[in-house]
Amino acid sequence: MIKRSLSALALCLLALPAWAQSEPQALPESVLVVGQKPGPGLWKVSRGDHVLWVFGSYAPLPRKMQWRAQQVESILAQSQELITLPGWSAHVGLLRGLTLLPFAYGLTKNPDGATLKEVLPADVYARWLPLKAKYLGEDNGIERERPIFVADKLYRMGLEKSGLTMRDDVRDAVFQIAKKNKLAITSTQITLDIDSPGQAMKDFKKAQLDDTACLSLTMERLESDLDAMRLRANAWAKGDIGAIRALSFADRDGACDGAVFGSAVFKAQRDFKDIEARVRSNWMAAAEKALAANKSSFALLPLKDLLDPQGYLAALQAKGYQVESPE
């Protein structure tokens, strides 16, 4: 996940990768693959004899899986540059961040000390109670947290207890291999400024968020989609691109991100306009620069963006680059 400063972390949720609810007509595998697995093959973007190899990052993955990285190791050994995942970060500096600590207290709580029972519709709260008991146990403090923060904690604990994890060990391994081979590492994150972060945090504490849908969709995933998540994780781990293509990605985080970024607090932040387009433009610029400068480059993209017919690779293809899938 993208590392953010203290103030930004308090204001923003870390986006969680998600898949769509639509499923292929096949019985999901109930057992997660373990041991050494190759992961998906690499997409190849080229112009002339210059090549950009693109690896599809995905989570959640089996917790006990060990990634077999021979192909990636071989290509990184002959590459000159690694391009990181697209993203953004907000930075206010260490000293300024320390001054914001008092503002961060209570940020995850519902305004006016309200409880989940008071802020959620009765049917949603009734669904929440058995899931809380199953995945979180006797955590009474969570009853006063905002639904969006409850959803984040519930989702992570649900995955962990189902043999899945959001921890990105594969990405970390790619970085280690790149550093071992002394590749130039190009970050494609954009840095955003928060106007008056102390005031923004105070305003956020008072703000009403439309975040019931975030928790509701999270519960729906844990109630009915865990087997499908295992199937998807297995497809990635085994490098089964055909099975991966048969599955579609969803926007679970759309409801959660929308609750935050659609709030008045974030709409008032001047530097948070058109984040998605700016992040995409920054990654594309880095990819084209690497293709022009290097014989071989390596890049990371979320798997859902690789498979998006209107995603990053489609945009490169529209610019005249040759794009080949690993099939």
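Here is what the cut-offs are and how they apply
Residues numbered from 1 in each chain as written. Predicted model: local features only at pLDDT ≥ 70, side-chain atom pairs only at ≥ 80, totals over all residues. Heavy atoms only, no water. Helix = DSSP H or I, 4+ residues; strand = E, 2+ residues; numbered from the N terminus. Expected span 1.5 Å × (residues − 1). Buried < 20%, exposed > 50% of the residue type's maximum accessible area, 1.4 Å probe, protein only. Arc of directions from axis to C-beta. Pairing = 2+ DSSP bridges. pLDDT = per-residue confidence, 0-100. Contact = heavy atoms within 4.5 Å. Axes fitted to C-alpha atoms, helices over the stretch in contact; angles between N-to-C directions. Parallel < 35°, antiparallel > 145°, perpendicular 65-115°, else oblique. Left-handed = near helix turned anticlockwise from the far one by under 90°. Nonpolar A, V, L, I, M, F, W, Y, C, P; charged D, E, K, R; others polar.

Brief notes about helix H8 (residues 169–180)
The end-to-end C-alpha distance of H8 is 16 Å, a good match for the 16 Å that twelve residues give at a rise of 1.5 Å each. Of the positions making up H8, those classed as buried are Val 170, Val 174, Ile 177 and Ala 178. The arc that holds every buried residue of H8, seen down its axis, measures 100°, which confines them to one face. Looking at H8, the residues exposed on the side facing more than 90 degrees away from the buried face are Gln 176, Lys 179 and Lys 180.

So, the pairing of strand E11 (residues 296–302)
Counted residue by residue, E11 has six buried out of seven residues, so it is predominantly covered. Taken together, the three bridges between strand E6 (residues 81–83) and E11 define a ladder with parallel strand orientation. Paired with Ile 83 across the bridge in E11 is Ala 299.

Side note on the confidence of the model for the chain
Per-chain confidence: the chain averages 79 in pLDDT, with 81% of residues scoring 70 or above. Low pLDDT, under 50, characterises residues 1–35; the predicted model gives this stretch 113 contacts beyond four residues in sequence or across chains.

Here we look at the pairing of strand E10 (residues 189–192)
Residues in a regular strand point their side chains to alternate faces of the sheet. Burial along E10 is one-sided: Ile 190 and Leu 192 are buried, and none of Gln 189 and Thr 191, which face the opposite way, are. Sheet analysis places strand E7 (residues 87–90) next to E10, joined by four bridges and oriented parallel. Among the inter-strand pairings, Gly 87 is bridged to a residue of E10, identified as Gln 189.

Some words on the packing of helix H6 (residues 122–135) against helix H7 (residues 147–160)
Put simply, H6 and H7 touch, their axes get as near as 10 Å, and they point 50° apart. It follows that H6 is oblique to H7 by the angle criterion. In the crossing of H6 with H7, the sense of the turn from one axis to the other is left-handed. Contacts from Trp 128, Leu 131 and Tyr 135 in H6 reach Val 150, Leu 154, Met 157 and Gly 158 in H7. Partitioning the contact of H6 with H7 into residue classes produces six nonpolar, one polar and no charged.

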